[in-house]
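# Tertiary structure, described
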Amino acid sequence: MAAMITVPSYSPSIWVRMCHALPRLDLSMQMRDNIFAPDSWEYQQTLLVLSSLSAIALIISLLVVLSFLIHYCCCQRGDRSEGSEEEEDDEDGSTGHGYSGKKGRGICCVTWVAVAAVTVCCVAIGIGFYGNSEANDGMYQLTSSLLTANYTLASIDLLISDTINGLQLSITGPLTSMEEMFSGSKPFLVSTRNCRRLSENVINLLSSISLARSSDVVGLGNDSGASITPLTPVPPSVVPTVVPTSSLLPNPFTPGWAANTMMVNEDYRWLSYVLLLLLDLIVCLFILLGLAKQARWLLILMTVLAWLALFLSWGSLGLETATVVALSDFCSEPNMFVLNSTQITTGTSSDVLDYYLTCSRSMNSPFQQLLTQSQRALSNIHTHLSSLDRNALPQFPKAEKSLREIQQILNSTEGNFHQLVALLNCRGLNKDYIDSLKGLCYDGMEGLLYLSLYSFLSGLAFTAILCSLPGAWRSFPSESEEYDDSDSESEDPFTSHQARRQASSGSQRGAMAPFYNYPGAGWTPPFSSAPPLPTPNVSSNGNPGYEILPLTDRQSPPPSYSPSMLTGYGGNQSHPNPSHSRNLYSR
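Keep in mind the model is a prediction, meaning the values are calculated, not measured.

### Some thoughts on empty space enclosed by the protein
Going through the model one piece at a time under the given rule, you end up with one cavity of 30 Å³ or more. Lining the largest cavity are Leu 167, Ser 170, Leu 175, Cys 195, Ser 199, Ile 381, Leu 385, Ile 406, Ile 409 and Leu 410. At the level of elements, helix H4 (101-181), helix H5 (186-207), helix H10 (368-395) and helix H11 (400-423) are the ones that each hand at least two residues to the lining of the largest cavity. Classifying every residue of the lining of the largest cavity by side-chain character gives eight nonpolar, two polar and no charged.

Listed below in structure tokens is the structure:
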């Protein structure tokens, strides 16, 4: 026994069931049911109450940041009053950066808190990018399924329209000519009139098949009747979806209009989240840069942007919470809402909608009887035409052209009819419906949950950042200290920061004696481990020479220079003065 083709089924995910089970309260704090009814004011109140939780979280964040700001302001005043008393202790116990142990530990703690908050924010940004991509994939699958369903419905309407136009063309053209030709032969005339009656019956049967057919959709009808060839379907990605321009909401509602509307809204939503994520990322990176460079102006600018990001994070969390809860209510029982809303907007019977939404094997097609009667009528038309071809053409050879035209139209009609029967089967439209539900309730729901987690983590991270940045400012040197440090560094760039502070404190306590002193004979050479050079005791002219004594203790005049030496050093002088040169260094 051949395996039966199974129809894909849909079941709500665990996230849908968890969010659907959340209690619902209206503005008067009364319990409400969780049935998806977006047009109901009571249901909208429950969504507003859930969205207000993010507003409460925003108020708590503002109070926490305000308390930390007050704390830092009070601590800064206390430090200024006690700064003069503890200045000497801080200088003695300062590290290489000029901070005391207690103050250095506090500054290090504040800085690491800011760095940890920025790290958490970066992790949240990564989660946000993933969630935004997942939500976009779900919406793309939803719109793609809706476009495919819209193409199927448009193909059904086009096949019905072509079949009706072909039969009408046969009635007004060849059949009328054959009736005129067979007016003298009653049996042939009866067969021709039976073909007309059966064709009109097929037209009436096919006209009663309606899947929310809309006269606004262009290209479904062809008054000229020229298109009677079998329709060859093309991929949905190639066929343009026609959107009615008469009004914002077409009447009746079409899946193509819904798909195009959701595609436009999804593009704006995706772009908005990308800009928000980039803003958070830029703020986090520049906060790290400001902490590393100790740039106070950069941190002030990033603090302003962090306030903006804080409001946007909690605001987006409120929208995401309401959207997640509403989507979970829809995805828990989607058939009920689709059945009611589609029946109201399109006027389609509940039997037809239930057949395509459930596609159960136990259910028969609501068009089965109409299709069966149409098939029998086409078969009877084909039988009458075959009888006329065998019996009437030998007697009326002029009727051959009209008969061949009717047979050609009948063959095209039967080809369109077989395609129509295949498209009216529930498997194709139900598969599109299931794919749209999976894209919206699986990927879309997961993406929205990740975006909610991103908004929550970024709100907490920016709250911690705004609490820790004022403490980080206090660790930065002021402009006057930077100016003093730059002056000392310009005097001696190789002197450490600690040595400059000790030198400045020494100059305030009292001037230190210079290390090098040149009083003359009172100078004592430093100890040297190098061995003394061997020199004679008395030189040839009787003066002591080559002693291990500094030049200041030798009591000897500087060497004198001869005129030739002076001429060599001052070659540009044309007339040197020997006497002046000889007495230049005389004592």
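Read on for the rest.
### Quick look at the pattern of salt bridges
Taken as a whole and judged by the stated rule, the model has eight salt bridges. A salt bridge links Arg 32 to Glu 42, with the shortest nitrogen-to-oxygen separation between them at 3.5 Å. Residue Arg 32 is located in the loop between helix H1 (14-20) and helix H2 (41-83), and its partner Glu 42 is located in helix H2; the two are separated by ten residues in the primary sequence. For Arg 32, a relative accessible area of 29% corresponds to the partly exposed category. Residue Arg 196 is joined to Glu 179 by a salt bridge in which the shortest nitrogen-to-oxygen separation is 2.8 Å. Of this pair, Arg 196 sits in helix H5 while Glu 179 sits in helix H4; the two residues are 17 residues apart in sequence, bridging distant segments of the chain.

### Quick word on the environment of Val 325
Within the element layout of this structure, Val 325 appears in helix H7 (residues 296-332). For the pair Val 325 and Leu 50, spaced 275 residues apart in the sequence, the C-alpha separation amounts to 8.6 Å. Those residues in contact with Val 325 that sit more than four places away from it in its chain are Leu 22, Arg 24, Tyr 43, Leu 47 and Leu 50.

### Observations regarding the packing of aromatic side chains
The full count for this structure, using the stated rule, is eleven aromatic pairs. Between Phe 188 and Phe 396, the ring centres sit 6.0 Å apart and the planes meet at 85 degrees, which makes this aromatic pair edge-to-face. Of the two residues, Phe 188 sits in helix H5 while Phe 396 sits in the loop between H10 and H11, which places them 208 residues apart along the sequence. For Phe 188, a relative accessible area of 11% corresponds to the buried category. Classification of Phe 396 by relative accessible area gives partly exposed; the value is 23%. Each member of the aromatic cluster is reached from another via a ring pair, and the members are Phe 36, Tyr 43, Phe 330 and Phe 337.

### Section: the environment of Phe 286
Looking at the element boundaries, Phe 286 is found in helix H6 (residues 255-293). Owing to a relative accessible area of 34%, Phe 286 belongs among the partly exposed residues under this scheme.

### Let's talk about the nonpolar core
Core analysis: the largest hydrophobic core is formed by 41 residues, its most contacted members being Phe 182, Leu 206, Tyr 356 and Leu 424. Within the residue set of this core, elements represented by two or more residues are H4, H5, helix H9 (350-358), H10, H11 and helix H12 (426-475). Sequence-distant contacts of Leu 206, defined by excluding residues within four places in its chain, comprise Ile 160, Thr 163, Ile 164, Ser 374, Phe 417 and Leu 420.

### Describing the confidence of the model for the protein chain
Here the protein chain averages 74 in pLDDT, while 65% of its residues score no lower than 70. This model gives residues 84-102 a pLDDT under 50, and the stretch forms 18 contacts once residues within four places in sequence are excluded.

Basis of the calculations
- Numbering of residues starts from 1 in each chain and follows the order in which that chain's sequence is written.
- Only residues with pLDDT of at least 70 are given local features in this predicted model, and only at 80 or more are side-chain atom pairs given and counted; all residues enter the totals for whole chains, interfaces and linings.
- Excluding hydrogens and water, the side-chain values take into account all heavy atoms of the structure.
- Of the two site types, the cavity is a set of points on a 1 Å grid over the protein atoms alone where a 1.4 Å probe fits but cannot get out, and the pocket is an open set with protein on both sides within 12 Å along at least five of seven lines, each lined by residues with an atom within 4 Å of a point.
- Grid points are joined across faces, edges and corners, and a volume is the space filled by probe spheres set on the points.
- Under the scheme used here, helices are H or I runs from DSSP no shorter than 4 residues and strands are E runs no shorter than 2 residues, and both carry numbers assigned from the N terminus.
- Three residue categories are used. Nonpolar comprises Ala, Val, Leu, Ile, Met, Phe, Trp, Tyr, Cys and Pro, charged comprises Asp, Glu, Lys and Arg, and polar comprises the others, including Gly.
- Any Lys or Arg side-chain nitrogen located within 4 Å of an Asp or Glu carboxyl oxygen qualifies as a salt bridge.
- Whether a residue is buried, partly exposed or exposed follows from its accessible area with a 1.4 Å probe, protein chains only, as a fraction of its type maximum: under 20%, in between, or over 50%, in that order.
- Any pair of residues with heavy atoms lying within 4.5 Å of one another is described as a contacting pair.
- Only Phe, Tyr and Trp rings take part, Trp by its six-membered ring, and two of them pair if their centres are within 6.5 Å. Stacked means planes under 30 degrees apart, edge-to-face means over 60, and tilted covers everything else.
- Definition of nonpolar core: a set of buried residues of the types Ala, Val, Leu, Ile, Met, Phe, Trp, Tyr and Cys, connected through side-chain atoms within 4.5 Å.
- Values of pLDDT, which run from 0 to 100, indicate the predictor's confidence residue by residue.

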